[in-house]
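Results of the structural survey
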Amino acid sequence: MSDIKKFMFVNRKAPHGTIYALESLEVVLITAAFDQDVSLVFLDDGVYQLKKGQQTKGIEIKNFSTTYRALEGYDIEKLYVEKESMDARGLTEDDLLVDVTVLTSKEMGALMDQQDVVLSF
Amino acid sequence: MLHIINKSALSNGTFDSCLRTAEAGEILLIEDAVYAATKGNVLEAKVREAMGRFKINVLMPDLEARGLADRVIDGVSPVDYGGFVDLVAGNKNCQSWL
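None of these values were measured; they are calculated from a predicted model.

Summing up its helical and strand segments, chain B has four helices and five strands in all. Start at the N end of chain B and walk to the C end: the helices and strands fall as β-α-β-α-β-α-β-α-β. Computed over the C-alpha atoms, the radius of gyration of chain B is 12 Å, within 12% of the 13 Å expected from 2.2 N^0.38 for a compact globule of 98 residues. Once the C-alpha set of chain B is aligned to its principal axes, its extents read approximately 30 × 30 × 25 Å. Classification of the 98 residues of chain B by burial places 38% in the buried group. Partitioning the contacts of chain B with sequence separation of at least 6, the portion at a separation of at least 24 is 67%.

What follows concerns the sheet that holds strand β4 (residues 101–103) of chain A. Each strand in a sheet pairs with another by means of backbone hydrogen bonds, the pair being arranged parallel or else antiparallel. All names here are of chain A. Read across the sheet, five strands follow the order β4-β3-β2-β1-β5 without closing on themselves; strand pairing throughout is parallel. Each of the sheet's edge strands pairs with one partner strand only, and the pair in question is β4 and β5 (117–120). On average, each strand axis in the sheet is inclined to that of its neighbour by 25°, with strand direction left out of account. In terms of strand pairing, strand β1 (residues 6–11) meets β5 through four bridges, oriented parallel. In the sheet register, F7 faces β5, and the bridge partner there is V117. Together, β1, β2 (37–42) and β5 form the strand contacts of helix α1 (residues 20–32), whose direction differs from that of β1 by roughly 165°. Along the sheet, helix α4 (residues 105–113) makes contact with β1, β2, β3 (78–82), β4 and β5, crossing β3 at roughly 140°.

On to the nonpolar core. With 48 residues, the main nonpolar core has A:L40, A:V41, B:L28, B:L29, B:A33, B:V34 and B:A36 as its most contacted residues. Those elements that provide at least two residues to this core are β1, α1, β2 and β3 of chain A together with β1 (2–5), β2 (25–29) and β3 (54–59) of chain B.

Here we take up the interface of chain A and chain B. Contacts between the two partners involve 19 residues from chain A, matched on the other side by 18 residues from chain B. Of the residues belonging to the side of chain A that touches chain B, the class tally is six nonpolar, eight polar and five charged.

To continue, consider the sheet that holds β3(B). Residues and elements named next belong to chain B. Across the sheet, five strands lie side by side as β4-β3-β2-β1-β5; this open sheet has parallel pairing. Two strands bound the open sheet, and with one partner strand each, they are β4 (77–79) and β5 (94–97). For this sheet, the mean inter-axis angle between neighbouring strands, taken without regard to orientation, is 25°. By the bridge criterion, four bridges tie β1 to β5 in an arrangement that is parallel. In the strand pairing of β5, I4 is matched with S96. Helix α1 (residues 14–21) contacts β1, β2 and β5 of the sheet and is inclined by roughly 165° relative to β1.

Let us now look at the environment of A:V81. Residue and element names in this part refer to chain A. Within the secondary structure, V81 sits in strand β3. Residue V81 is classed as buried on the basis of its C-beta count, with 25 C-beta atoms lying within 10 Å. For the pair V81 and V41, spaced 40 residues apart in the sequence, the C-alpha separation amounts to 5.9 Å. Once residues lying within four places of it in the same chain are set aside, the contact partners of V81 are F42, V47, M86, V100 and V102.

Moving on, we come to the environment of B:F54. Residue and element names in this part refer to chain B. Along the chain, F54 falls in strand β3. For F54 and K39, which are 15 residues apart along the polypeptide, the C-alpha to C-alpha distance reads 18 Å. Apart from residues no more than four positions distant in its own chain, F54 is found in contact with A24, G25, E26 and I27.

Rules behind the numbers
Residues numbered from 1 in each chain as written. Chains lettered and ligands numbered in written order. Predicted model: local features only at pLDDT ≥ 70, side-chain atom pairs only at ≥ 80, totals over all residues. Helix = DSSP H or I, 4+ residues; strand = E, 2+ residues; numbered from the N terminus. Rg over C-alpha atoms; globule rule 2.2 N^0.38 Å. Buried ≥ 20, exposed ≤ 12 C-beta atoms within 10 Å, placed from the backbone. Contact = placed C-beta atoms within 7 Å. Pairing = 2+ DSSP bridges. Axes fitted to C-alpha atoms, helices over the stretch in contact; angles between N-to-C directions. Core = buried A, V, L, I, M, F, W, Y, C linked by C-beta atoms within 7 Å. Nonpolar A, V, L, I, M, F, W, Y, C, P; charged D, E, K, R; others polar.

Laid out in structure tokens, this is it:
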């Protein structure tokens, strides 16, 4: 496979309450193995996936939030967070466990338009 | 009556429906619903207003899992799993808003 396509993963669900966030992460890691151009987007409740300080022992669920920090090792470095979603939740960049690029809704829309494949979780 | 809510109020209408229909009693926020109990979110004013009619409780293990245990809105009561059982036992009936 020599053609590199632009893949975007759109994450809009909070972690833990449903399986979407974890499943998205699994697919992202698989995609990374195929040397594609991967972008991760965090919108709406999806921004909660990146919140620092998640301690899941009490609910007996695997704390997969640490995996976002490992994405860099798989050459996945394009992480985008929508400013409006962060603001609505009282979060700032300092609350997030990885470095991200903060985009406005409009900028996010433009980025989506550039993709070959968009997968929504 | 105890109203148990498990969906994020920022992406689902369950919390609103509960506030619209229920008159008084207690609310317990669990799972993704716990985000409503955190300071600085757009629904904070609505939660504070609801505290006039309801006693609002939040399940702490769920908030800890989401990294927000240090941001509970003043006046919202934190409970653990034992407190969850006490709430169910202490109310005449309960409704799980799915």
